[in-house]
Amino acid sequence: MTLPGNPLIGDRLSEAVGRFLTPRPSVTTPRDDELLGRGSALELACGLAATSWGTGPTVLLAHGWESRRTHWGAFVTPLVEAGFRVVAVDAPAHGDSPGEKADVLQYGLALVDVERELGPLAGVVGHSFGAGAAVIALHRGLKSERAVLISGPSSVVSVIERWGRHDGLPEQDIPSFVRLVEQEVGESVERLDVTRIVPGLSVRALVVHDQNDKEIPVADALAVAAAWSGAKMMITERFGHRRIMIAGEVVRAVVEFLGSD
């Protein structure tokens, strides 16, 4: 894949696209192994690695970029104790799932396949990349009574642009980089923006974000909550993008939201 006019620029951008779509592996820890040992492995037709804990209405957990299903450890026991069956999956090309590259549309469509196999969900909870995928999945037919987005983006385009700048691409190359990512995804990335999708969703939603998130600005969460009719919002102040996943107050708020009348 090269751009007309200057093959060197095309090669550089193509390499950047490859890096953008290729997650680095996440190494397991003894804590991860212990959590998996307490659950039951699922063999899903879509091929994604998955683990189930507990019994009851199903809550599906979708992790973020370069994460894995065991990073939901803080949520599993509280959700099980609240009477839910918890299912966590590894995204394509993440954790124990197959593949080398992943994008948010691919992840979202995989979540639709998971729900079709598990049956309608009591809730779907996504963090970061997984939050965007969850919204796409809801738009593409995933059935869930409730949705929780934690540290999620409002715009796929903005995510691509921020990554390109962080990777050192010159500003004048950013639009071409976005279009090349779009070619790989196979669909207009603007159509995947969360704020364009959620006005058409009737699912009850909770949007959670930290004021000091350095990876995805809190303005994204405010935009999503404003666009999603009836969405509740929770803003924290000291957890950032990743520690929010182990914050007790966040876990309690999510469990309460999923179990409320």
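That block above? That's the structure.
What counts, and at which threshold
Numbering of residues starts from 1 in each chain and follows the order in which that chain's sequence is written. Predicted model: local features are reported for residues with pLDDT of at least 70 only, side-chain atom pairs are reported and counted for 80 or more only, and whole-chain, interface and lining totals are derived from all residues. Neither water nor hydrogens contribute to the side-chain values; these are computed over all heavy atoms in the structure. What is meant by a nonpolar core is a set of buried Ala, Val, Leu, Ile, Met, Phe, Trp, Tyr and Cys residues, joined one to another through side-chain atoms within 4.5 Å. Each residue gets one of three labels from its accessible area relative to the maximum for its type: buried under 20%, exposed over 50%, partly exposed in between, using a 1.4 Å probe on protein chains only. Elements are defined by DSSP. Helices are runs of H or I of four residues or more, strands are runs of E of two residues or more, and each kind is numbered from the N terminus. Axis angles are defined between N-to-C directions and span 0 to 180 degrees, where every axis is a line fitted to C-alpha atoms and, for a helix, only to the segment in contact. If an angle is under 35 degrees, it is roughly parallel; if it is over 145, roughly antiparallel; if it lies from 65 to 115, roughly perpendicular; otherwise it is oblique. Handedness of each helix crossing follows the sense of rotation of the near helix against the far helix: counterclockwise by less than a right angle gives left-handed, clockwise gives right-handed. Every residue pair with non-hydrogen atoms within 4.5 Å of one another is taken to be in contact. Residue polarity is assigned by list, with Asp, Glu, Lys and Arg as charged and Ala, Val, Leu, Ile, Met, Phe, Trp, Tyr, Cys and Pro as nonpolar; anything else, Gly included, falls into the polar class. One less than the residue count of a helix, multiplied by 1.5 Å, gives the span that helix is expected to have. Throughout this description, a polar contact denotes any pair of N or O atoms lying within 3.5 Å of each other; where both atoms belong to protein, one of them has to be capable of donating a hydrogen while the other can accept it, and for residues adjacent in sequence the pair is counted only when both atoms sit in side chains. What makes a salt bridge here is a side-chain nitrogen of Lys or Arg within 4 Å of a carboxyl oxygen of Asp or Glu, nothing more. Think of it this way: DSSP has to see at least two bridges between two strands before they count as a pair. A crossover counts as right-handed when, viewed with the strands pointing away from the observer, the path leading from the first strand over the helix to the second turns clockwise.

### Considering the nonpolar core
Core analysis: the largest hydrophobic core is formed by 59 residues, its most contacted members being L60, L111, L142, F177 and W228. Tallying contributions element by element places helix α5 (residues 129-139) first for this core, with eight residues. In this structure, L79, V125, I244 and L258 belong to the second largest nonpolar core, which totals 29 residues.

### Points about the packing of helix α3 (residues 73-81) against helix α10 (residues 248-259)
At their nearest, the axes of α3 and α10 sit 10 Å apart, and the two run at 40° to each other. Of the possible angle classes, the one that applies to α3 and α10 is oblique. Judged by the twist between their axes, the crossing of α3 over α10 is right-handed. Contacts between α3 and α10 involve A74, F75, P78 and L79 from the former and V250, V251, V254, V255 and L258 from the latter. A class-by-class count of the residues in the contact of α3 with α10 yields nine nonpolar, no polar and no charged.

### Quick notes on helix α4 (residues 104-118)
With 15 residues, α4 ought to run about 21 Å at 1.5 Å a step, and its terminal C-alpha atoms sit 21 Å apart, in line with that. Residues of α4 that are buried include every one of V104, L105, Y107, G108, A110, L111, V112, V114 and E115, and no others. Contact partners of the buried residues in α4: β3 (58-62), β4 (85-89), α5, α6 (156-166) and α7 (174-185). Sitting at the head of α4, D103 places a side-chain oxygen 3.0 Å from the backbone nitrogen of L105.

### Focus on the pattern of salt bridges
Evaluation of the coordinates by the stated rule reveals 16 salt bridges. Put simply, R116 and D113 hold a salt bridge, and the shortest N to O gap is 3.9 Å. Linking R116 with D113, this pair stays in helix α4, spanning three residues, or about one helical turn. Linking R191 and E187 is a salt bridge whose minimum nitrogen-to-oxygen distance equals 3.8 Å.

### Quick look at the sheet that holds strand β1 (residues 40-43)
Consider a sheet: its strands pair through backbone hydrogen bonds, and that pairing is either parallel or antiparallel. Here eight strands make up an open sheet; going across it, the order is β1-β2-β4-β3-β5-β6-β7-β8 and the pairing mixed. Of all the strands in the sheet, just β1 and β8 (232-236) have a single pairing partner and so form its edges. Neighbour-to-neighbour, the strand axes of this sheet turn through a mean angle of 20°, independent of strand direction. Relative to strand β2 (residues 49-53), β1 runs antiparallel, the two being bridged by four bridges. Note that in β2 the partner of E43 across the bridge is A49. Against the sheet, α5 engages β3, β5 (123-127) and β6 (146-150), with an angle of about 140° to β5. Lying over the sheet, helix α9 (residues 218-227) contacts β6, β7 (204-210) and β8, oriented at roughly 165° with respect to β7.

### Re unusual backbone geometry
One non-glycine residue, E66, lies in the positive phi region at around 55°. Within the secondary structure, E66 sits in the loop between β3 and α3. Phi angles above zero are rare outside glycine, and S128 is one such case at about 60°. Summarising the element assignment, S128 is placed in the loop between β5 and α5.

### Observations regarding the pairing of β7
Summarising burial for β7: six of the seven residues are buried, a large majority. Where β6 meets β7, five bridges bridge the pair, whose relative direction is parallel. Along β7, the bridge assignment pairs I150 with V208. As paired strands, β7 and β8 are joined by five bridges and run parallel to one another. Each residue of the ladder has a partner; that of V208, found in β8, is M234. One crossover worth recording links β7 to the parallel β8 by way of α9, and it is right-handed.

The analysis is restricted to geometry; functional conclusions fall outside its scope.
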